[in-house]
Amino acid sequence: MEDKIGFEPDSNQQKKITNLLENNNINEAKKDIDSYGDLINESSILLYFSGIISFRNNDYKNSINSYLQALKINPNFIEVANNLGLIYLFKKEYDLAKKYFLKTIEINEFFFHGHYNLGIVNFDNKNYSEAEKNFQNSLKCKKDFYLAYNALGSLYIKINKPNLAIKAYKSALEINPDSQETLINLSAALIESNLYEDSLNILEKIVSKNNSSAKLYSNLSAAYYGLHRIEDSIINAEKSLSIDPNNISALRNLATSKEAKGDKQNIEEIYQKILNLDISNGATFKEYAKNMPLKASSKITKKIEKNFNDKTSFGKNRVNQAFGLFHIYDREKEYEKAYNYLLEGNQLYSELFPYNPSKDLETFKIAKKSFSKELFISLGNGGDTTEAPIFVLGMPRSGSTLIEQILDSHSKVFGVGERPILNHIISKYNIRYSELFKLSNEERERIGNDYIKSMRSLSGSNEPHIVDKVPQNFLFIGIIKLILPKAIIINTLRDPFDNCFSIFSQFFTEGQAYSFDLINIFNYYNQYKMLLDHWRNILPDFIYDIHYEDIIANGDNEIKNLLEFCKLKYESNCRNFYENKRNILTPSSSQVRKELYSSSIRKYTKYPKYEVLALKHIGI
C-alpha cells in the first residue's frame with residue numbers, strides 16, 4: 001500500500017475497523033467509516049473497508065465501485081485488486097477476474113493468493129495446463145499453502161491423473177493433517193486409483209468421529225462398490241442423498257449399485273435427475289442411453305447432441321456422450337450415424353490417453369517364450385492340488401460374464417466376478433518369467449494356497465468351486481498350471497468380427513487401453529489367438545473352449561458339456577441362469593439377466609465400413 005494520495009485514517013483507527021470486520025461487527029464498522037463523511041472518497045483504506053462491507057451485504061455493485069475508487073487513489077493496493085478479482089470470479093465474469101488477479105502479480109510477483117486465484121479462473125475455464133502452472137507458482141511463493149495442494153489434487157482428478165492427486169492431497173495433509181475436506185478428497189483419489197481398502201480406512205475413521213457430509217457418504221458408497229459390497233454402497237449413497245438430494249456422485253453410485261443388483265426401479269428417474277442437474281454428465285448419459293430405451297427424439301438426447309456438436313462438452317464427458325449417442329442410433333437402426341459417433345468417441349479417447357501397443361506386444365511375446373513343454377517336464381508336479389478354482393477367461397465381450405452366471409447358478413459354485421487376485425499374487429511373490437525354472441514344489445504349493453485363501457476370503461462362501469472371471473487371465477494360463485495344476489480353465493470364444501466390434505463399442509472405464517482403436521484391437525485379438533494356440537499346444541486338455549454362438553444355438557447341450565468338464569452334475573438352475581439374483585458389476589450385467597438371445601450375432605454386418613477393415617486385419 002504505497003504512494004497513497006489524500007487522506008488516510010491513522011493506524012489505530014484502521015486496526016479498530018479491521019478488528020470489527022474480523023469479528024463480523026459489520027454495523028459498528030460501517031458507523032466508524034461513515035463518521036468520516038466526504039473524506040471516505042479521499043481514502044483508499046476507507047473505500048477498501050466499504051467494499052468489504054458492501055460485499056458481505058451482497059451489494060456487489062457498490063463493492064466494485066468502492067474498490068475501483070480505491071485503486072484510482074492507490075493503484076498498487078494489492079488487496080483491493082485481489083478482492084475485485086474475487087468478486088468477478090464469484091460472478092463468473094472470468095475475463096475481469098483474470099485482469100485483476102494478473103494485476104496483483106504485477107504489483108508483487110510473489111503474491112501467492114494472486115497465482116492461486118488465477119489458477120481457479122483457469123481451472124473453471126478448463127485451461128488445466130495453465131491452472132497447474134498457476135497453482136505450482138503459488139506454492140513456489142508459499143511452500144506451506146495447503147489450499148494450492150488441494151487445488152492441484154482436484155485438477156489431477158479432473159485430468160485423470162489420480163496418482164498425482166494422491167501425492168498433492170498428502171502434501172496438503174502434511175501441512176493441515178486435520179482437514180476433513182482434504183481427507184475426503186484423498187479418499188476420492190484413492191478410489192480413482194482402485195485403492196478401495198485404503199480409501200475405506202480413511203473414510204471410516206472420519207465417520208467414527210461423528211463427522212458427516214454428503215461427499216463423505218458418497219465416497220463411502222463408491223469405495224464399497226469397488227469392494228463389491230453393493231448393499232453397503234446403496235446404504236451410503238442414500239445417506240449422502242438424505243443430506244444433499246442433489247449430490248450427483250451419490251445419485252450415480254445409487255444407479256450403478258442398483259444396476260449391479262439388477263434392480264431397475266427408479267433408475268431412469270435417477271438418470272434424468274442427474275442430467276437435469278448437469279447436462280454435461282457424459283457417463284450418466286451413456287449408461288442411460290445403453291440401458292434404457294432412450295430415443296433420439298427425446299429432449300435429453302437433443303440437448304446432449306447439441307452440446308456435443310457445439311463442442312461445449314469436454315474430455316471424458318465428451319467421449320461418453322459420443323458412446324451414448326452411438327447406442328441410441330444403433331438401437332434405432334441409423335447405423336451410419338451411430339458408427340460416426342462411435343468412431344468419434346474412440347478417436348477422442350485415443351487423443352486424451354494415447355496408447356502404446358509395445359508393452360502389450362512384449363507381454364504376449366514373453367509369455368510364449370517363457371513357457372514350453374520342457375519347462376513343465378523339468379519342474380514336474382507341484383502346486384496346490386485343490387480342484388476349487390474355475391477360471392473363466394478370454395477376450396473381453398466374448399461371453400465370459402454369461403458363462404460365470406451359468407456356473408454361479410449351480411449349487412456348488414460361487415462366482416466372485418472380476419477381482420484381480422491372480423495379478424496381486426503374481427506381484428506379491430514377485431514371480432519372474434525368467435526365473436520360473438527356480439520355483440520349487442513347496443513354493444508353488446504355497447503360492448497356490450495363498451491364492452485359494454484370498455479367493456475364499458472374498459467369497460465368504462463354502463461352495464466347493466469358486467469362479468475367477470478376469471478375462472485377461474488368459475495371459476497367465478502357464479502360471480495357473482504351475483501353482484494350481486487341477487484348476488479348471490474355461491476359454492470363452494466368439495466370432496472374432498463380432499467380438500472386436502463389441503470391444504470397440506464398449507467404453508471400458510479401466511483396463512483394455514487398446515480398445516479405442518480398431519487396428520490395435522485387431523492386433524491384440526490376433527496376439528490373443530496365437531497365445532491360446534501356444535497354451536493348447538504345451539498344455540493339451542487343460543483348456544476348455546466354449547463358443548458363444550454354440551450356446552445361443554444349443555444352450556442345453558452346451559451347458560451340460562460345460563458342467564461335465566467342470567465335474568459338476570447338471571442342475572436346471574444353470575439353464576435358468578437369468579433368474580440368478582447375484583450382483584454383477586461388469587458391462588454385461590443387463591444382458592445376462594435375460595434369456596439367451598441371438599440379436600448380437602453377426603451384428604457387425606450392420607456396419608460395412610467396419611467389416612471391410614476387419615477383413616483386412618483379423619487373422620481367422
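Just above sits the structure.
Sequence positions are assigned chain by chain, starting from 1 and proceeding in written order. This being a predicted model, a pLDDT of at least 70 is required before a residue's local features are given, and a value of 80 or more before pairs of side-chain atoms are given or counted; all residues contribute to the totals for chains, interfaces and linings. Hydrogens and water are ignored here; the side-chain numbers use all heavy atoms of the structure.

### Focus on the side chain of Ser 138
The secondary structure listing takes helices from DSSP runs of H or I that are at least 4 residues long and strands from runs of E that are at least 2 residues long, numbered from the N terminus. You can see Ser 138 is positioned in helix α8 (residues 128–141). Should any heavy atoms of two residues lie within 4.5 Å, those residues are considered in contact. Apart from the residues within four sequence positions on either side, Ser 138 is in contact with Phe 112, His 115, Tyr 116, Phe 145 and Ala 148.

### Some details on the nonpolar core
Throughout this description, the term nonpolar core refers to a set of buried Ala, Val, Leu, Ile, Met, Phe, Trp, Tyr and Cys residues connected via side-chain atoms within 4.5 Å. Burial status follows relative accessibility: with a 1.4 Å probe on protein chains alone, a residue under 20% of its type maximum counts as buried, one over 50% as exposed, and anything between as partly exposed. In this structure, Phe 371, Phe 474, Ile 477, Trp 535 and Tyr 610 are the most contacted members of the largest nonpolar core, which totals 98 residues. Residues in contact with Phe 371, not counting those within four places in the same chain, are Phe 376, Tyr 433, Leu 436, Gly 478, Ile 479, Leu 482, His 534, Trp 535 and Ile 538.

### Concerning the pattern of salt bridges
The rule for a salt bridge is simple: a side-chain nitrogen of Lys or Arg has to be within 4 Å of a carboxyl oxygen of Asp or Glu. Applying the stated criterion to the full structure yields 21 salt bridges. The partner of Lys 16 in a salt bridge is Asp 32, and the shortest N-O contact between them spans 3.1 Å. Of this pair, Lys 16 sits in helix α1 (residues 11–22) while Asp 32 sits in helix α2 (residues 26–34), and the two are 16 residues apart along the sequence. Counted as one network, the salt bridges with shared partners bring together Asp 533, Arg 536 and Asp 545.

### Here we look at the packing of helix α19 (residues 315–331) against helix α20 (residues 335–352)
Throughout, an axis means a line fitted to C-alpha atoms (over the contacting stretch in the case of helices), and angles, computed between N-to-C directions, take values from 0 to 180 degrees. Their axes nearest at 8 Å, the elements α19 and α20 cross at an angle of 160°. Comparing their axes, α20 and α19 come out roughly antiparallel. By crossing handedness, the relation of α19 to α20 is classed as left-handed. The residues of α20 that touch α19, namely those facing Gly 315, Lys 316, Arg 318, Val 319, Ala 322, Phe 323, Leu 325, Phe 326, Tyr 329 and Asp 330, are Tyr 335, Lys 337, Ala 338, Tyr 341, Leu 342, Glu 344, Gly 345, Asn 346, Leu 348, Tyr 349 and Leu 352. Within the contact of α19 with α20, the residues separate by chemical class into 13 nonpolar, three polar and five charged. Orientation labels follow simple angle bins: below 35 degrees gives roughly parallel, above 145 gives roughly antiparallel, 65 to 115 gives roughly perpendicular, and whatever is left gives oblique. By definition, any crossing whose near helix is turned counterclockwise from its far helix by less than a right angle is left-handed, and any crossing with a clockwise turn is right-handed. Here the nonpolar group is Ala, Val, Leu, Ile, Met, Phe, Trp, Tyr, Cys and Pro; Asp, Glu, Lys and Arg are the charged ones; every other residue, Gly included, is treated as polar.

### Some thoughts on the environment of His 465
Mapped onto the secondary structure, His 465 falls in strand β3 (residues 465–468). Considering only alpha carbons, one finds His 465 and Gln 405, 60 residues apart in sequence, at a separation of 14 Å. Aside from chain neighbours lying at most four places away, what touches His 465 is Glu 387, Ala 388, Ile 390, Lys 412, Val 413, Phe 414, Ile 488, Cys 566 and Leu 568. Nitrogen and oxygen atoms within 3.5 Å of one another constitute a polar contact, given that in protein one can donate a hydrogen and the other can accept it, and given that sequence-neighbouring residues count only through two side-chain atoms. Within polar-contact distance, the side chain of His 465 engages the backbone oxygen of Ala 388 at 3.2 Å.

### Overview of helix α13 (residues 214–226)
The span one expects for a helix is its residue count, reduced by one, times 1.5 Å. Counted at 1.5 Å a residue, the expected span for α13 with its 13 residues is 18 Å, and the 19 Å between its end C-alpha atoms agrees. With respect to burial, α13 is a largely interior element, eleven of its 13 residues being buried. Three or more residues of α13 are buried, namely Ala 214, Leu 216, Tyr 217, Ser 218, Asn 219, Leu 220, Ser 221, Ala 222, Ala 223, Tyr 224 and Gly 226. Next to the buried residues of α13 lie α11 (180–192), α12 (196–208), α14 (230–243) and α15 (248–261). Note on α13: the residue one or two positions beyond its end, His 228, has a positive phi of about 65°.

### Things to note about the sheet that holds strand β4 (residues 488–493)
Reading across from one edge, β2-β3-β1-β4-β5 is the order of the five strands in this open sheet, with parallel pairing throughout. The open sheet has two edge strands, β2 (413–415) and β5 (543–547), and neither has a second partner. Averaged over neighbouring strand pairs, the angle between their axes works out to 25° when direction is ignored. Between any two strands, pairing holds if DSSP finds at least two bridges. Where β2 meets β3, three bridges bridge the pair, whose relative direction is parallel. Bridging across to β3, Phe 414 finds its partner in Ile 466.

### Regarding the packing of aromatic side chains
Geometry of aromatic contacts follows a simple scheme: Phe, Tyr and Trp rings, the Trp one being its six-membered ring, pair when their centres are within 6.5 Å, and the pair is stacked under 30 degrees between planes, edge-to-face over 60, tilted otherwise. Enumeration over the complete set of coordinates arrives at 40 aromatic pairs. Measuring from centroid to centroid gives 6.0 Å for Tyr 88 and Tyr 100, while their planes differ by 15°, and the two rings are stacked. Residue Tyr 88 is found in helix α5 (residues 78–90), and its partner Tyr 100 is found in helix α6 (residues 94–107); the two are separated by twelve residues along the sequence. The two residues Tyr 88 and Tyr 100 agree in class, both being buried. A cation sits over an aromatic face here: Lys 481 above Phe 542, 4.5 Å from the ring centre. Here, a charge over a ring means that NZ of Lys or CZ of Arg falls within 6 Å of the ring centre while also lying within 35 degrees of the ring normal.

### Quick notes on the environment of Tyr 36
With respect to the helices and strands, the residue Tyr 36 is situated in the loop between α2 and α3 (44–56). The exposure class of Tyr 36 is buried, given its relative accessible area of 19%. Sequence separation between Tyr 36 and Cys 566 is 530 residues, and the spatial gap between their C-alpha atoms is 92 Å. Once you skip the residues sitting within four places of it in the chain, Tyr 36 turns out to touch Phe 7, Pro 9, Gln 13 and Leu 46.

Scope: geometric values only; no functional claims are made or implied.
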